[in-house]
Amino acid sequence: MRRSCNSLRGVLQPALQLVRAGLLVLSLPLVLGTCRLGDLTGTPDEPVLEVVLAGTIVGVADTATLSATVLVNGAETDSVPLQWTSSDSAIAVVDSTGMVRGRARGTAVITAEIIGGSVTSDSAGDSDSVWVVAASLELAPDDTTLTAAEDTLCLRHLARDANGAPLLDTSPTYSVEDDPDSTIALSAGGCVVSRTSGRTATVLGSLDTVTATADVTVHQTVTALVVEPDSAELLAIGATVQLDAEAQDRNGNPVPVNLINWTSNDESVAAVDTVGEVTATGSGSAWIHAVADQLEDSAYIDVNPPPVREDRECGERLADLDGDNERQLMACPLEDLRRRLRGHAGQHPRDPDAPSLRSASGPGHVPRHAGHRAPRRQRQPG
């Protein structure tokens, strides 16, 4: 029957002492089962130590505690004391508990180590990097409007530590986070150059692990406005003419036409759409106005369609001069009546009992009455 390791150690302990003294040579059959020689001699094997360190990020003037896991023969233990050190105390320092305090932006290597002799004859440890970063970042101005193309705005930045104190010698990186209408361009050092009017763009500043944004809107203010042509004549209802408004900002750059407001002072004569196309709607004259940023210019529109002659209607009225149609006849234009009367002489309906002014002998013939003789022309003596 196999005895326990403790029982075997009690039996073999005297003999093992003689073996150590060189006074006895002992040959033992391998019947000790799983008992190790160290178990029998009372001297345990040298432990295998591991230190697993998790690195972290800490803000300047802020603290963070590193975690170190100690493994002895693969089993975790918390009874082994560790020694902590930093590779650069100007950037980060660490105390005996593994708490790291950031002192300046940068990277330091933190080491947790088991000192040889405390548990084992050899030391063991692990190292990891700690990144010390700015705690916050601000951009200024954070919301601004540029009023002309080719204007330049250089953003200012301010980085702070965990206590709110400014950090010196910092240089964020900049990018355009959002610019739906391509209104800006970004140059070195966070300088923004305006390109054209449009929706608000967002600039992103990044430093270490912190970011900040600034909104930039380009709205070109119009300083010059001219409408061409300045006048036009439309000769038919429904006829159109395109007006062009040339607007410029203070740098002489064109302003998009969608910033110009078009109106008509009389839409019953001429109407205008949002891009300056004018449509004749009635006879007369009207002013078309283009307005942008308190500036205005205008174009004069004259609508002169040809007169509408109701030829068929008046012709029908002239063909029926009886009784009740007389008032309708009076409603026709006088010049039109005269023209029609001349053109319709002898063709309008007449009373069949009325004497005719014409005879079969030809037009203009006046018949003689019985007993009537035309006077003879007297010849003058030669």
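Everything numeric in this text was worked out from a predicted model, so none of it was measured.

The rules behind these values
Residues numbered from 1 in each chain as written. Predicted model: local features only at pLDDT ≥ 70, side-chain atom pairs only at ≥ 80, totals over all residues. Heavy atoms only, no water. Pairing = 2+ DSSP bridges. Helix = DSSP H or I, 4+ residues; strand = E, 2+ residues; numbered from the N terminus. Axes fitted to C-alpha atoms, helices over the stretch in contact; angles between N-to-C directions. Polar contact = N/O pair within 3.5 Å; in protein donor to acceptor, adjacent residues only side chain to side chain. Salt bridge = Lys/Arg side-chain N within 4 Å of Asp/Glu carboxyl O. Buried < 20%, exposed > 50% of the residue type's maximum accessible area, 1.4 Å probe, protein only. pLDDT = per-residue confidence, 0-100. Contact = heavy atoms within 4.5 Å.

Here the focus is the sheet that holds strand β21 (residues 231-234). With mixed pairing, the 4 strands of this open sheet are ordered in space as β21-β28-β27-β24. Edge positions in the sheet fall to β21 and β24 (261-264), since each of these pairs with one other strand and no more. Adjacent strand axes in the sheet meet at a mean angle of 20 degrees, parallel and antiparallel pairs treated alike. In this structure, β24 lies alongside strand β27 (residues 284-292), joined through 4 bridges in antiparallel fashion. Directly across from T263, in β27, lies its bridge partner H289.

So, on to the side chain of Q220. Tracing the chain through its elements places Q220 in the loop between β19 (210-218) and β20 (224-228). Here P254 takes part through its backbone oxygen, which lies 3.1 Å from a polar atom of the side chain of Q220.

A few words on the pairing of strand β4 (residues 67-72). When β4 meets strand β5 (residues 75-77), the two strands line up antiparallel, connected through 3 bridges. Within the sheet, the bridge partner assigned to L71 lies in β5 and is E76. Counting the residues between successive antiparallel strands, the hairpin from β4 to β5 contains 2 residues, one of them, N73, with a positive phi of roughly 50 degrees.

Okay, the pattern of salt bridges next. Counted under the stated rule, the structure contains 4 salt bridges. Of the charged contacts in the structure, one is a salt bridge between E138 and R160, with a shortest N-O distance of 3.0 Å. Residue E138 is located in strand β11 (residues 136-140), and its partner R160 is located in strand β14 (residues 156-160); the two are separated by 22 residues in the primary sequence. Overall, R160 belongs to the partly exposed group, its relative accessible area being 23%. Of the charged contacts, one joins D151 and R250 as a salt bridge, the two residues approaching to 2.4 Å between their closest N and O atoms. Of the two residues, D151 is situated in the loop between β12 (143-146) and β13 (152-154) and R250 in the loop between β23 (244-248) and β24; the sequence distance between them amounts to 99 residues. Accessibility expressed as a relative area gives 14% for D151, which makes it buried. According to the relative accessible area criterion, R250 is partly exposed, its value standing at 48%.

Let's shift gears to the confidence of the model for the chain. Averaged over every residue, the pLDDT of the chain is 77; the share at 70 or more is 65%. In this model residues 1-6 is a low-confidence stretch, pLDDT under 50, and it forms 6 contacts with partners more than four residues away in sequence or in other chains. Across residues 315-331 the pLDDT falls below 50, and counting only partners more than four positions away or on other chains, this stretch makes 14 contacts in the model.

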